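Breakdown of the fold
Single-letter residue listing:
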Amino acid sequence: RMPCRLPVLLRALLKLLWDVGTEQGTVPEPVRAALLHRATQCLILLDHCCQGQVKVLLEGVQRSCEEPRVQECLRKVQEST
């Protein structure tokens with residue numbers, strides 16, 4: 001059931017990562033870190049449900065992303081087993 005929803009879920013999680021990772025000032029750092037961690041965990045679970053398709057799709061995103069916090073989250077997804 002998850003692979004057919006992969007594009008929508010992946011887009012939403014990446015938007016969340018970007019919005020939280022690039023947001024300036026209004027969100028306390030512990031909240032920001034928790035949101036990034038949870039979104040990363042969701043991406044890892046989605047990847048497991050979709051037999052590694054998320055990692056394949058994220059390769060291009062990771063190369064073009066210049067935001068360090070988002071890059072770190074994407075790296076964790078790529079390194080997950």
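Residues numbered from 1 in each chain as written. Predicted model: local features only at pLDDT ≥ 70, side-chain atom pairs only at ≥ 80, totals over all residues. Heavy atoms only, no water.

The name recorded for the protein chain in an unreviewed UniProt entry is TTI2 protein, from Thryothorus ludovicianus. Note on the protein chain: under the UniProt heading Sequence similarities (unreviewed entry), the record states "Belongs to the TTI2 family." (UniProt positions renumbered as here; feature names shortened; annotations may be inferred.)

A word on the overall build of the protein chain. Counting its regular elements, the protein chain contains four helices and zero strands. Overall, the protein chain shows an N-to-C arrangement of helices and strands of α-α-α-α. Taken over C-alpha atoms, the radius of gyration comes to 12 Å for the protein chain, in line with the 12 Å a tight globule of 81 residues would show. With the C-alpha coordinates aligned to their principal axes, the bounding extent of the protein chain is approximately 35 × 25 × 20 Å. Expressed as a percentage of the 81 residues in the protein chain, the buried residues total 30%. A separation threshold of at least 6 residues defines the contact pool for the protein chain, and within that pool the share at least 24 residues apart is 63%. In the protein chain, 11 positive and 9 negative side-chain charges are present, and the distance between their average locations comes to 8 Å. (Helix = DSSP H or I, 4+ residues; strand = E, 2+ residues; numbered from the N terminus. Rg over C-alpha atoms; globule rule 2.2 N^0.38 Å. Buried < 20%, exposed > 50% of the residue type's maximum accessible area, 1.4 Å probe, protein only. Contact = heavy atoms within 4.5 Å. Lys, Arg positive; Asp, Glu negative; His and termini not counted. Charge placed at Lys NZ, Arg CZ, Asp CG, Glu CD.)

Next up on the list: the UniProt feature "signal peptide" (unreviewed entry) in the protein chain. Summarizing the sequence annotation, UniProt attributes the feature "signal peptide" (unreviewed entry) to residues 1–24 in the numbering used throughout. The span residues 1–24 is 71% helix and 0% strand, and its two end C-alpha atoms sit 36 Å from each other.

Glancing now at the environment of R32. Tracing the chain through its elements places R32 in helix α2 (residues 29–49). Distance in space between the C-alpha atoms of R32 and V56 is 26 Å, their sequence separation being 24 residues. Apart from the residues within four sequence positions on either side, R32 is in contact with V20, E23, G25, V27 and R69.

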